[in-house]
Amino acid sequence: MRISEPRIVERPAQPYVAITASVPMTRMAATLPPLNGEVFGWLEARDIAPAGAPLWKYNVIDMDGDLEIEVGVPVAERVAGDDRVRSGVLPAGRYATLRHAGHPDELVDATGALLSWADGEGLRWDVADSPAGERWAARVEFYLTDPDEEPDLNRWETDLVFKLAD
């Protein structure tokens, strides 16, 4: 696993569109990737250009139960969603981030590295406990590599971008 040094960045608000799924950790790899194509198709049908790399936004995390994840794509400005694809905005603010280079299976370890680094720095996440699990304001993975251009998953790059508490 290759990861960059974690750092803190200030990010502006970022509109996006996404499909929300509730899925256990064991079903993520089978369930979520096809939703990427569905969101891109939805944008294409409406002649809306993506404004960045596809993303997975982890809204609720319960490692023993289901995770609520949005599979989406940034857009330049907020657009109306529908029953399947909803519109959202990643909030502006301070984020802890790092870049992972390697197979997506290693993202669990990269996430652990970012969480541990922040803990060591005394940083607090923008997260709250809920009956369904940890509810995050913005815990996002941006998938920077186009699989059509780079089919070798070991060469993929992913940015982890987690919102810090104000």
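Computed from a prediction, not measured in an experiment: that's the story for all the values here. (Residues numbered from 1 in each chain as written. Predicted model: local features only at pLDDT ≥ 70, side-chain atom pairs only at ≥ 80, totals over all residues. Heavy atoms only, no water.)

(A) Spotlight on the overall build of the chain. Summing up its helical and strand segments, the chain has three helices and 11 strands in all. Walking the chain from its N terminus toward its C terminus, one meets helices and strands in the order β-β-β-α-α-β-β-β-β-α-β-β-β-β. Whereas a compact globule of 166 residues would reach a radius of gyration of roughly 15 Å, the chain reaches 15 Å, a difference of no more than 12%. For the chain, buried positions account for 44% of its 166 residues. A separation of at least 24 residues holds for 73% of the contacts in the chain among residues at least 6 apart in sequence. Surface summary for the chain: the accessible area is close to 8,700 Å², and the carbon and sulfur share equals 49%. Distance from the positive charge centre (16 side chains) to the negative charge centre (30 side chains) of the chain: 4 Å. (Helix = DSSP H or I, 4+ residues; strand = E, 2+ residues; numbered from the N terminus. Rg over C-alpha atoms; globule rule 2.2 N^0.38 Å. Buried < 20%, exposed > 50% of the residue type's maximum accessible area, 1.4 Å probe, protein only. Contact = heavy atoms within 4.5 Å. Areas by Shrake-Rupley, 256 points an atom, 1.4 Å probe, with all protein chains shown as cover. Lys, Arg positive; Asp, Glu negative; His and termini not counted. Charge placed at Lys NZ, Arg CZ, Asp CG, Glu CD.)

(B) Up close: the nonpolar core. Val17, Met28, Leu32, Trp56, Tyr58, Ile69 and Trp125 are the most contacted members of the largest nonpolar core, which totals 33 residues. What Tyr58 contacts, discounting residues up to four positions off in sequence, is Met28, Leu67, Glu68, Ile69, Trp136, Arg139, Glu141 and Tyr143. Core analysis: the next-biggest nonpolar cluster, separate from the first, contains 10 residues, Leu55, Ala138, Val140 and Val161 among them. (Core = buried A, V, L, I, M, F, W, Y, C linked by side-chain atoms within 4.5 Å.)

(C) A look at the environment of Arg86. Tracing the sequence through the fold places Arg86 in strand β6 (residues 86-90). Look at Arg86 and you get partly exposed, because its relative accessible area is 36%. For the pair Arg86 and Val17, spaced 69 residues apart in sequence, the C-alpha to C-alpha distance is 5.5 Å. Those residues within four positions of Arg86 in sequence are excluded, and the remaining contacts are Tyr16, Val17, Ala18, Thr20, Glu70 and Gly81. There is a polar contact of 3.1 Å between the side chain of Arg86 and the side chain of Glu70. (Polar contact = N/O pair within 3.5 Å; in protein donor to acceptor, adjacent residues only side chain to side chain.)

(D) The environment of Gly93, seen in detail. Its location among the elements puts Gly93 in strand β7 (residues 93-101). With relative accessibility at 6%, the residue Gly93 sits in the buried group. Residues Gly93 and Ala165, 72 residues apart in the sequence, show an inter-C-alpha distance of 8.5 Å. Those residues in contact with Gly93, other than ones at most four positions away along the chain, are Val9, Glu10, Arg11 and Lys163.

(E) The packing of aromatic side chains, seen in detail. The tally for this structure, following the rule as stated, stands at four aromatic pairs. Taking the centre distance of 5.2 Å and the plane angle of 65° together, the rings of Trp56 and Tyr143 count as edge-to-face. Here Tyr143 lies in strand β10 (residues 139-143) and Trp56 lies in strand β4 (residues 55-61), a separation of 87 residues in the sequence. Residue Trp56 shares its accessibility class with Tyr143, and that shared class is buried. Consider the rings of Trp136 and Phe162, whose centres lie 5.8 Å apart with planes at 65°: the pair is edge-to-face. (Phe/Tyr/Trp six-rings, centres within 6.5 Å; stacked < 30°, edge-to-face > 60°.)

(F) How the structure looks around the pattern of salt bridges. Applying the stated criterion to the full structure yields 10 salt bridges. Here Arg135 and Glu68 are joined by a salt bridge, their closest N and O atoms 3.9 Å apart. Taken together, the residues Arg135 in strand β9 (residues 133-136) and Glu68 in strand β5 (residues 66-74) connect sequence positions 67 residues apart. Residue Glu68 is classed as partly exposed on the basis of its relative accessible area, which comes to 25%. Between Lys163 and Asp126 there is a salt bridge, with its nearest N and O atoms 3.2 Å apart. In this pair, Lys163 is assigned in strand β11 (residues 157-163) and Asp126 in the loop between α3 (107-120) and β8 (127-130), connecting sequence segments 37 residues apart. Exposure remark for Asp126: the relative accessible area of 26% places this residue in the partly exposed category. (Salt bridge = Lys/Arg side-chain N within 4 Å of Asp/Glu carboxyl O.)

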